[in-house]
Amino acid sequence: MTNVVYALGYRTWDDGVKVGYAFSPERIAARLRDDPTVERVVLVDPVRSHLKRLVPQRPAAPRFSSDPTRRHLQPRRWRRGEPTEHDEAVRIQRRLEGRLRRLGDPEDTVLVTSHPVLAAVADRGGWRDVAYYAWDDFRGVPGSAALVQWAYDQITARDVNVVAVTPAIVDIVGARRSTVVPNGIVAADFEPPAALPDWYGALPGPVAFYAGSLQRRIDVAALLELADDLPPEWRLVLVGPLQEPECFAGLAARPNVLIRPAEPRPQVLAMMAAATVCLVPHLPETEGMSPLKVYEYLGAGAPVVATDLRPMRGLSPHCRLVAPGQRLAPEVLAAAEEPRATRAEVLGFRKEHDWDHRYLAWRSAVIGT
């Protein structure tokens with residue numbers, strides 16, 4: 001048996017709990033915790049400020065585990081925020097890695113991390129192996145592009161094992177040892193379906209739907225064109241945290257556009273299933289992502305119209321691709337006229353892309369079993 005230390009990057013375990021375990025880091029952590037072939041698991045949060053403890057969580061997040069072979073570390077420092085200055089970031093991650101090596105027998109332990117700087121500075125000779133789990137291209141973290149690129153260069157130079165969600169991230173990092181394990185879904189999340197929010201159920205006519213963080217990676221220009229091109233009875237609905245409101249002011253002013261704050265995940269899945277067409281209008285520079293939403297849309301049985309990027313290709317005949325810069329409306333209207341996926345197709349898609357399968361591929365790439 002092998003021990004695993006899994007150090008998260010940028011998002012804590014509690015962050016994952018708050019969004020219903022929606023993203024791959026918490027999916028991986030939960031399966032590591034429950035995997036009987038892994039003798040000991042230590043889940044490590046990103047370094048956070050002591051001051052965060054002064055703000056009580058309501059409700060308190062459930063514990064990672066009560067099993068003594070499954071530990072959850074929450075390292076702290078006094079300063080707030082993710083360090084983006086090179087020397088400070090390297091110092092913090094080296095100190096953390098030294099602490100992790102003192103937890104047990106690192107020669108029988110694989111260190112896995114989603115923090116690129118920790119992967120870059122970890123002592124390869126002090127562990128059975130070091131792996132970097134790249135579930136996004138973190139050069140997009142504000143102020144971190146140069147630091148993360150430096151980390152990628154170090155990961156490549158030091159032959160760190162890279163497991164990434166897309167071929168694009170593998171290419172960006174440039175590591176010799178690399179495996180692609182795309183995002184996935186949990187089939188059980190879709191059954192039984194949750195009730196729709198009242199406001200959504202009251203919408204008249206067909207709906208073109210987007211769920212996710214509202215930020216610069218979305219092709220807002222394409223959505224503005226779509227709002228102008230859709231027939232009058234259609235509504236364009238966007239649901240998610242408005243992280244960069246200045247980008248969406250023009251879109252929000254359109255009379256056939258509705259922008260709503262984030263909803264609980266079961267309701268979001270229900271809205272996906274009820275939508276006429278679901279959208280992934282991402283800009284080309286997001287090609288390193290493996291968008292969870294496209295798997296969720298298809299797992300909900302909805303037709304999808306997406307920007308033609310590598311992670312979108314070959315997923316389903318019910319996913320129509322539009323070249324960057326081309327108008328979305330023709331494909332949206334065509335998708336609305338096509339028969340929806342059959343029950344058998346939906347169940348087959350859920351099974352193929354379920355995290356039960358993804359985790360086995362991930363474990364094989366990281367641990368070798």
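### Comments concerning the nonpolar core
Stage number 1. In terms of nonpolar packing, the biggest core is built from 64 residues, with Y6, L32, V112, Y132, Y133, I155 and W362 touching the most fellow members.
Stage number 2. Not counting residues up to four positions away in its chain, the partners in contact with Y132 are T113, S114, H115, P116, A119, F138, Y152, I155, V160, N161, V162 and V163.
Stage number 3. A227, V304, A335 and F349 belong to the second largest nonpolar core, which has 54 residues in total.

### Here we look at the layout of surface pockets
Stage number 1. The volume enclosed by the largest pocket comes to roughly 1,600 Å³.
Stage number 2. Elements with a minimum of two residues in the lining of the largest pocket: α6 (167–173), β10 (207–211), α10 (265–274) and α11 (292–299).
Stage number 3. By residue number, the principal contributor to the lining of the largest pocket is α10, which donates four residues.
Stage number 4. Residues of the lining of the largest pocket, tallied by class, amount to 22 nonpolar, 12 polar and 14 charged.

### Things to note about a negative patch on the surface
Stage number 1. Judged by side-chain charge, E39, D105, E107 and D108 come together as a negatively charged surface patch.
Stage number 2. By the secondary structure assignment, D105 is in the loop between α3 (86–101) and β6 (109–113).

### Describing the sheet that holds strand β11 (residues 235–239)
Stage number 1. Taken in spatial order, the six strands line up as β12-β11-β10-β13-β14-β15 in an open sheet, and their pairing is parallel. Each having just a single partner strand, β12 (257–260) and β15 (319–322) make up the two edges of the open sheet. Each adjacent strand pair in this sheet contributes to an overall mean axis angle of 25°, direction not counted.
Stage number 2. Of the strand pairs in this sheet, β10 and strand β13 (residues 277–280) are connected by two bridges, and their pairing is parallel. Bridge assignment links F209 to a residue of β13, and that residue is C278.

### A closer look at the pairing of β10
Stage number 1. With respect to burial, β10 is a largely interior element, five of its five residues being buried.
Stage number 2. With burial as the criterion, each face of β10 is covered, one bearing V207, F209 and A211 and the other bearing A208 and Y210.
Stage number 3. Bridge count for β10 against β11 is five bridges, and the pairing is parallel. Bridged to A211 within β11 is V239.
Stage number 4. In this fold, β10 hands off to helix α8 (residues 220–229), which returns the chain to β11; that crossover is right-handed.

Scoring rules and cut-offs
- Within any chain, residue numbers begin from 1 and follow the written order of that chain's sequence.
- Where totals are concerned, whole chains, interfaces and linings use all residues; where local detail is concerned, this predicted model gives features only for residues with pLDDT of at least 70, and gives and counts side-chain atom pairs only at 80 or more.
- Where side-chain values are given, they derive from all heavy atoms of the structure, hydrogens and water being excluded.
- Throughout this description, the term nonpolar core refers to a set of buried Ala, Val, Leu, Ile, Met, Phe, Trp, Tyr and Cys residues connected via side-chain atoms within 4.5 Å.
- Throughout this description, buried means an accessible area under 20% of the type-specific maximum (1.4 Å probe, protein chains only), exposed means over 50%, and partly exposed covers the range between.
- Contacts between residues were defined by any pair of non-hydrogen atoms, one from each residue, lying within 4.5 Å.
- Buried and open spaces are told apart on a 1 Å grid over the protein atoms alone, a cavity being a set of points where a 1.4 Å probe fits but cannot get out and a pocket being an open set with protein on both sides within 12 Å along at least five of seven lines. Residues with an atom within 4 Å of a point are the lining residues.
- Grid points are joined across faces, edges and corners, and a volume is the space filled by probe spheres set on the points.
- Strands here mean DSSP runs of E at least two residues long; helices mean DSSP runs of H or I at least four residues long; both are numbered from the N terminus.
- Here the term charged refers only to Asp, Glu, Lys and Arg, the term nonpolar to Ala, Val, Leu, Ile, Met, Phe, Trp, Tyr, Cys and Pro, and the term polar to all other amino acids, Gly among them.
- Patch rule: a residue counts if its relative accessible area is over 30% and it has no salt bridge; like charges are joined within 9 Å, and nonpolar side chains (Val, Leu, Ile, Met, Phe, Trp, Tyr) within 5 Å.
- Where accessible areas are quoted, they stem from the Shrake-Rupley method and a 1.4 Å probe; at the residue level, only the protein chains shown are allowed to cover.
- Whenever Lys or Arg places a side-chain nitrogen within 4 Å of a carboxyl oxygen from Asp or Glu, that contact is recorded as a salt bridge.
- Note on charges: Lys and Arg go in the positive column, Asp and Glu in the negative column, and His and the chain ends are not counted at all.
- Taken as the charge location is NZ of Lys, CZ of Arg, CG of Asp or CD of Glu.
- Strand pairing requires that DSSP identify at least two bridges connecting the strands.
- Note on geometry: axes are lines fitted to C-alpha atoms, helical ones only across the stretch in contact, with angles between N-to-C directions running from 0 to 180 degrees.
- By the criterion used throughout, a crossover qualifies as right-handed when its path from the first strand across the helix to the second strand runs clockwise, the strands pointing away from the viewer.

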